[in-house]
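Letter by letter, the chains look like this.
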Amino acid sequence: MKNKKMSLAAATVLAFTLAACGGGAEGDAKSSGQTEILLPFPEGLPMAPVTVAKERGIFADNGLDDVKISVADGSGYVSQQLVAGNVNFALIGSADIAVAASKRDDVRVLFCHQAHNVYRIAALAESGVTDLEGFSGKTLGITEPGGGENALVKAALADAGLTEDVTTLPIGGAGPQSLSAIKGGKVDGYSSSYPDFVSLGSEGVEFVDVTPEKYSSVPGTCMATTQEFLDTDAGKKEAQAVTQSWIDAEYYTLENQDESYDIVCGAVPSACENEDASRALFEEALAVMAPDEGNRPGDTTPEVWETVVEILASSDTVPADLDLTDNVSGGTVGEIRDAVYESH
C-alpha cells in the first residue's frame, strides 16, 4: 500500500473522465496513407510521448510519414468510436477498454501509455489517516457522482469492508469549491485524478496517498485497436509502426526528462506558461507513466486487467466473469510487442 505525502505546485487540471457520449453506426475503419490516432484529451505534458514522437521524427523513422493526432471528448467517447469501427488507433482509459471489450470482443490493447492508475484515494495529512481503513466513520470527497474515480472508490471501500462506514461527498474537481470543502473541514480526504492533486497541492493542501497497491497498478490509458484491423497485412504493419513509435518515444521521455519537457513546451507553449506548475505536473505524469522495476514501458499483463474488471464489476458496469486475457496479450498483439521490445 502506498503511503506517501504529496504537496505539489499548481497545474492546469486535465479531465480524466469516463465520459459517455456520441457514437456512430458500426462500420469498418480502413487504413489509408494517413495514420490517425485519437486521443481523449489534448497533447500536453501527460501526453509527452506522442509529442516527442512527432517532434523528434520517430513516427517518420518507423515509416509513418503522415500522422494525424485527433482529440475527442473524453475516453468514453473515444472507446465508442473504436467499437463503431470509426478509428483504428484510440488511446483509451483502461476502464473504458474493458467496457468496449464487453461490447466488441475483438478489441485489442497494443500497449499502455500509463502503467499506473491516474486516480487516487488520499487522506488529508492533517486528518491523521494513514491507510484506507482509517477512513471508517469519516468523509471522503469525490469530484461528482459520475466522476471517473468513483468505480475505484466503490471497489476499494467494498474490498476493505467499508462501504457502509465511509461517507462520500461530491465537492467538485480542483478549484474553489473543493478547496473550500477541504479547508472548511467538510472532508477528511479526497479522490480524483492526479492533476487535481497537483493543483490542490499548490494551494498548500497536503495529502497522504492511501490507494491500495493493487488498484494503483491498474493501467491508466492504453492504445487500443481491433483484431479485425490487425488481421490485414497493412493493418498489422501500421499497428506495429504506431506501437514502435510510441514505445520508442516513451523510453526517450523517461530517460531524457528535461529534454522531453522542453520538447513539449516548445510544441505546446500553453502547457508550460507557469514553469513551477508545469514541472510539477510533468513529474507526476512521469510517475504514472513509469513501469514498476523489472517491467517494460508500455507493457501490460492480464493480471492487472483482472483488477480492472473487479473494479467495474463492483458497480455492475461489466460482468464479473469478463476475461480480457486475449484482449491484452498473446496473439497478434503479443507478436507486435515482442518485435518492438527487441530494439530495447
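Here's a quick rundown of the structure.

Definitions and limits used
Position numbers for residues count from 1 along each chain, tracking the sequence in the order it is written. The predicted nature of this model means local features are confined to residues of pLDDT at least 70 and side-chain atom pairs, given and counted, to a pLDDT of 80 or more, with totals for whole chains, interfaces and linings taken over all residues. Side-chain measures were taken over the full set of non-hydrogen atoms in the model, leaving aside hydrogen atoms and water. Here a strand is any run of E in DSSP of at least two residues, a helix any run of H or I of at least four, and the numbering for each starts at the N terminus. The globule rule is 2.2 Å times the number of residues to the power 0.38, and the radius of gyration it is compared with is taken over C-alpha atoms. The buried label applies to any residue whose accessible area, calculated with a 1.4 Å probe on protein chains only, is under 20% of its type's maximum; exposed applies above 50%, and partly exposed to all values in between. Any two residues having at least one pair of non-hydrogen atoms within 4.5 Å are treated as being in contact. We call two strands paired when DSSP finds no fewer than two bridges between them. For helices, the fitted axis covers only the stretch in contact; all axes are lines through C-alpha atoms, and the angles between them, taken along N-to-C directions, range from 0 to 180 degrees. Two cysteine sulfur atoms make up a disulfide if the distance between them is within 2.5 Å. We define a salt bridge as a side-chain nitrogen of Lys or Arg found within 4 Å of a carboxyl oxygen belonging to Asp or Glu. Pairs of N or O atoms are called polar contacts if they sit within 3.5 Å, as long as, within protein, a hydrogen donor faces a hydrogen acceptor (for residues adjacent in sequence, only side-chain-to-side-chain pairs). Two aromatic rings from Phe, Tyr or Trp, using only the six-membered ring of Trp, form a pair when their centres are within 6.5 Å; if the ring planes differ by under 30 degrees the pair is stacked, by over 60 it is edge-to-face, and anything between is tilted. Sitting over a ring, as applied to charges here, requires NZ of Lys or CZ of Arg to be within 6 Å of the ring centre and within 35 degrees of the ring normal. In this analysis, a patch consists of residues with relative accessible area above 30% that form no salt bridge, clustered at 9 Å for like charges and at 5 Å for the nonpolar side chains Val, Leu, Ile, Met, Phe, Trp and Tyr. Method for areas: the Shrake-Rupley scheme with a 1.4 Å probe, in which residue coverage is limited to the protein chains shown. Charge convention: Lys and Arg are scored as positive, Asp and Glu as negative, and His as well as the terminal groups of each chain are ignored. A single reference atom marks each charge: NZ on Lys, CZ on Arg, CG on Asp, CD on Glu. When an angle is under 35 degrees it counts as roughly parallel; over 145 it counts as roughly antiparallel; between 65 and 115 it counts as roughly perpendicular; any other value is oblique. In this count, Pro and Cys sit with the nonpolar residues alongside Ala, Val, Leu, Ile, Met, Phe, Trp and Tyr, while Asp, Glu, Lys and Arg are called charged and the others, Gly among them, polar.

1. Concerning the overall build of the protein
For the protein, the helix and strand inventory stands at 15 helices and eleven strands. By the compact-globule yardstick of 20 Å for 344 residues, the protein fits well, its C-alpha radius of gyration being 20 Å. If one aligns the C-alpha atoms of the protein with their principal axes, the spans along those axes are about 60 × 45 × 40 Å. Going through the 344 residues of the protein one by one, you find that 56% of them count as buried. Sequence separation of at least 24 residues holds for 82% of the intrachain contacts in the protein that already meet a minimum separation of 6.

2. What about the sheet that holds strand β4 (residues 89-93)?
Across the sheet, which stays open at both edges, the five strands sit in the order β3-β2-β4-β11-β5 with mixed pairing between neighbours. Looking at the sheet topology across the chains shown, the edges are occupied by β3 (67-71) and β5 (107-112). Shown here is a sheet whose adjacent strand axes are inclined to one another by a mean of 30 degrees, direction ignored. In terms of strand pairing, β4 meets strand β11 (residues 221-226) through four bridges, oriented antiparallel. Within the sheet, the bridge partner assigned to Ala 90 lies in β11 and is Ala 224.

3. Examining the state of the cysteines
Across all of its chains, the model carries two disulfides by this definition. The disulfide partner of Cys 112 is Cys 222, and the S-S distance across this bridge is 2.1 Å. When the S-S torsion is 90 degrees, as for the bridge of Cys 112 with Cys 222, the disulfide is right-handed. One end of the pair, Cys 112, is in strand β5; the other, Cys 222, is in strand β11, with 110 residues separating them in the sequence.

4. Some remarks on the pattern of salt bridges
A side chain with one charge can pair with a side chain of the opposite charge if their charged atoms come near. Evaluated as defined, the whole model comprises ten salt bridges. With its nearest N and O atoms 2.7 Å apart, the salt bridge here joins Arg 296 to Asp 299. Looking at Asp 299, the relative accessible area reads 24%, which means it is partly exposed.

5. Here we look at the side chain of Asp 96
Its location among the elements puts Asp 96 in helix α4 (residues 94-103). Among the polar contacts listed, one links the side chain of Asp 96 to the side chain of Ser 75, at a separation of 2.7 Å.

6. Digging into the side chain of Thr 225
Residue position: Thr 225 is located in strand β11. Of the polar contacts made by the side chain of Thr 225, one reaches the backbone oxygen of Asn 88; its length is 2.7 Å. Not counting residues up to four positions away in its chain, the partners in contact with Thr 225 are Leu 82, Asn 88, Phe 89, Asp 106, Val 107, Arg 108, Leu 110 and Leu 230.

7. Remarks on the packing of aromatic side chains
Within this structure, the stated rule accounts for five aromatic pairs. An angle of 90 degrees between the planes, with centres 4.8 Å apart, marks the rings of Phe 197 and Phe 207 as edge-to-face. Separated by ten residues along the polypeptide, Phe 197 in helix α7 (residues 194-201) and Phe 207 in strand β10 (residues 207-209) bring together distant segments of the chain. Aromatic side chains Tyr 261 and Phe 282 sit 5.9 Å apart centroid to centroid with 45 degrees between the ring planes, which places their arrangement in the tilted category. Here Tyr 261 is found in helix α11 (residues 257-267), whereas its partner Phe 282 is found in helix α12 (residues 275-289), with 21 residues between them in sequence. Here the two residues Tyr 261 and Phe 282 agree in accessibility, since each one is buried. Through a chain of ring-to-ring contacts, the aromatic side chains of Tyr 190, Phe 197 and Phe 207 assemble into a single cluster. One residue, Arg 279, lies across the ring of Tyr 261, its end atom 3.9 Å from the ring centre. If you follow Arg 296 out to its NZ or CZ, it ends over the ring of Tyr 341, 4.0 Å from the centre.

8. Topic: the pairing of strand β9 (residues 189-193)
Across the five residues of β9, five count as buried, placing the element largely inside the fold. Pairing of strand β6 (residues 119-124) with β9 involves five bridges; the strand directions are antiparallel. Note that in β9 the partner of Arg 120 across the bridge is Ser 192. Pairing analysis gives two bridges linking strand β7 (residues 139-142) to β9, with the strands arranged parallel. Its bridge partner lying in β9, Gly 141 is registered against Tyr 190.

9. Focus: the pairing of β4
Along β4, five of the five residues are buried, which leaves the element largely enclosed by surrounding structure. Both faces of β4 are covered, namely the face carrying Phe 89, Leu 91 and Gly 93 and the face carrying Ala 90 and Ile 92.

10. Regarding a negative patch on the surface
Judged by side-chain charge, Glu 303, Glu 306, Asp 321, Asp 323 and Asp 326 come together as a negatively charged surface patch. With respect to the helices and strands, the residue Glu 306 is situated in helix α13 (residues 302-313). When its relative accessible area of 55% is taken as the criterion, Glu 306 is described as exposed.

11. Overview of the packing of helix α1 (residues 48-55) against helix α10 (residues 233-255)
In the contact formed by α1 and α10, the axes pass within 8 Å of each other and the chain directions differ by 105 degrees. Taken as axis vectors, α1 and α10 run roughly perpendicular relative to one another. Along the contact surface, α1 presents Ala 48, Pro 49, Val 50, Val 52 and Ala 53, while α10 presents Ser 245, Trp 246, Ala 249, Glu 250, Tyr 252 and Thr 253. In terms of residue class, the contact of α1 with α10 is built from eight nonpolar, two polar and one charged.

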